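The residues making up each chain are set out below.
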Amino acid sequence: RQSPRRIQLQGFLCMAALYAYIGYNFDTLNKYALLGLYGASFFFSNYGPNTTTFMLPSITFSRPIRSTLNGVCAASGKIGALFGAVLFLPLATWVGDAKVILLCACVSLVGAMLTFFFTNDAVEDDQEDSDCKGELKRLSSEAHLMELMQQEECFPRRMSKGLSMPTFLDLPIELKV
């Protein structure tokens, strides 16, 4: 099982390697090779940073400030994307396409370094959740439903009432045909 931190690191490092290769060989690559390499970099941007952007804030920040800082992280990412989109063409006309692609490789390396130094591999539980026979784990998928039900029995005061959100299937709706 890979953690979001490792997925993000892999994405940034693969993007950096691909951008560096494209930047150094920009003038010698034919259009099909360039398209394939750029497509691979697009895959790793979606596999890495774009996927983990939504997971890491919920793992990294403590509960009282989680939603606020998740919004700050999302807004920062949008601002960065805006700067990249707005500055790409002026920079490309000023210094050339190859150097802008190399700059993208550098930005990817900075992202990898920030991920390496400022995110954790493991999910740490809040202090208030450790008790009894072990620590409660932050559950993120339906595969842990049985574990959640066992924890509900162990911690009735903490895991009370509205544990899961109701869906449209829970509503009493009559279908008239």
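Residues numbered from 1 in each chain as written. Predicted model: local features only at pLDDT ≥ 70, side-chain atom pairs only at ≥ 80, totals over all residues. Heavy atoms only, no water.

**Remarks on the overall build of the protein chain**
Then comes step 1: Within the protein chain, the secondary structure is distributed over seven helices and two strands.
Then comes step 2: From first element to last, N terminus to C terminus, the protein chain shows the α and β order α-α-α-α-α-α-β-β-α. (Helix = DSSP H or I, 4+ residues; strand = E, 2+ residues; numbered from the N terminus.)

**Let's talk about the state of the cysteines**
Note on terminology: disulfide describes a covalent bond linking the sulfur atoms of two cysteines.
Then comes step 1: All told, the structure shown has zero disulfides when counted by the stated rule.
Then comes step 2: You can see Cys 104 has no disulfide; the closest cysteine sulfur is in Cys 106, sitting 9.2 Å from it.
Then comes step 3: The class for Cys 104 is partly exposed, based on a relative accessible area of 23%. (Disulfide = S-S within 2.5 Å. Buried < 20%, exposed > 50% of the residue type's maximum accessible area, 1.4 Å probe, protein only.)

**Observations concerning the packing of aromatic side chains**
Then comes step 1: Enumeration over the complete set of coordinates arrives at four aromatic pairs.
Then comes step 2: Between Phe 43 and Tyr 47 the ring centres are 6.0 Å apart and the planes differ by 5°, which places this aromatic pair in the stacked class. With Phe 43 and Tyr 47 both in helix H2 (residues 31-47) and four residues apart, the pair spans about one turn of that helix.
Then comes step 3: Phe 43 gets classed as partly exposed once you look at its relative accessible area, which sits at 48%.
Then comes step 4: Taking the relative accessible area as the measure of exposure, Tyr 47 reaches 27% and is therefore partly exposed. (Phe/Tyr/Trp six-rings, centres within 6.5 Å; stacked < 30°, edge-to-face > 60°.)

**Some remarks on the nonpolar core**
Inside soluble globular proteins, nonpolar side chains tend to come together where they are buried.
Then comes step 1: Met 15, Leu 18, Tyr 19, Ile 22, Leu 29, Leu 37, Ile 101 and Ala 105 together form the largest nonpolar core, which totals eight residues.
Then comes step 2: Elements with a contribution of two residues or more to this core: helix H1 (4-24) and helix H6 (97-118).
Then comes step 3: If you tally residues by element for this core, the top one is H1, at four residues.
Then comes step 4: Ignoring any residue separated from it by four or fewer positions in sequence, one finds Ala 105 in contact with Ala 16, Tyr 19 and Ala 20. (Core = buried A, V, L, I, M, F, W, Y, C linked by side-chain atoms within 4.5 Å. Contact = heavy atoms within 4.5 Å.)

**Points about the environment of Phe 116**
Then comes step 1: Within the secondary structure layout, Phe 116 lies in helix H6.
Then comes step 2: Sequence separation between Phe 116 and Gln 8 is 108 residues, and the spatial gap between their C-alpha atoms is 9.2 Å.
Then comes step 3: Setting aside chain neighbours within four positions, we find Phe 116 in contact with Arg 5 and Leu 9.

**Considerations on the packing of helix H5 (residues 66-95) against H6**
To characterise two packed helices, one gives the angle between the axes of the helices and the distance between these axes.
Then comes step 1: At a closest axis distance of 7 Å, the pairing of H5 and H6 adopts a crossing angle of 130°. Judged on the interaxial angle alone, H6 and H5 are oblique. In this structure, H5 contributes Phe 88, Leu 91, Ala 92 and Val 95 to the contact, and H6 contributes Asp 97, Lys 99, Val 100, Ile 101, Leu 103 and Cys 104.
Then comes step 2: Per-class residue counts for the contact of H5 with H6 are eight nonpolar, no polar and two charged. (Axes fitted to C-alpha atoms, helices over the stretch in contact; angles between N-to-C directions. Parallel < 35°, antiparallel > 145°, perpendicular 65-115°, else oblique. Nonpolar A, V, L, I, M, F, W, Y, C, P; charged D, E, K, R; others polar.)

**A short note on the environment of Thr 93**
Then comes step 1: Inspection of the secondary structure assignment puts Thr 93 in helix H5.
Then comes step 2: Look at Thr 93 and you get exposed, because its relative accessible area is 63%.
Then comes step 3: Within polar-contact distance, the side chain of Thr 93 engages the backbone oxygen of Pro 90 at 2.9 Å. (Polar contact = N/O pair within 3.5 Å; in protein donor to acceptor, adjacent residues only side chain to side chain.)

**A look at the confidence of the model for the protein chain**
Detailed reading of predicted coordinates is not advised where the pLDDT is low.
Then comes step 1: The predicted model of the protein chain averages 76 in pLDDT, with 68% of residues at 70 or higher.
Then comes step 2: Of the regions scoring below 50 in pLDDT, residues 125-143 engages in 37 contacts with residues more than four places distant in sequence or in other chains. (pLDDT = per-residue confidence, 0-100.)

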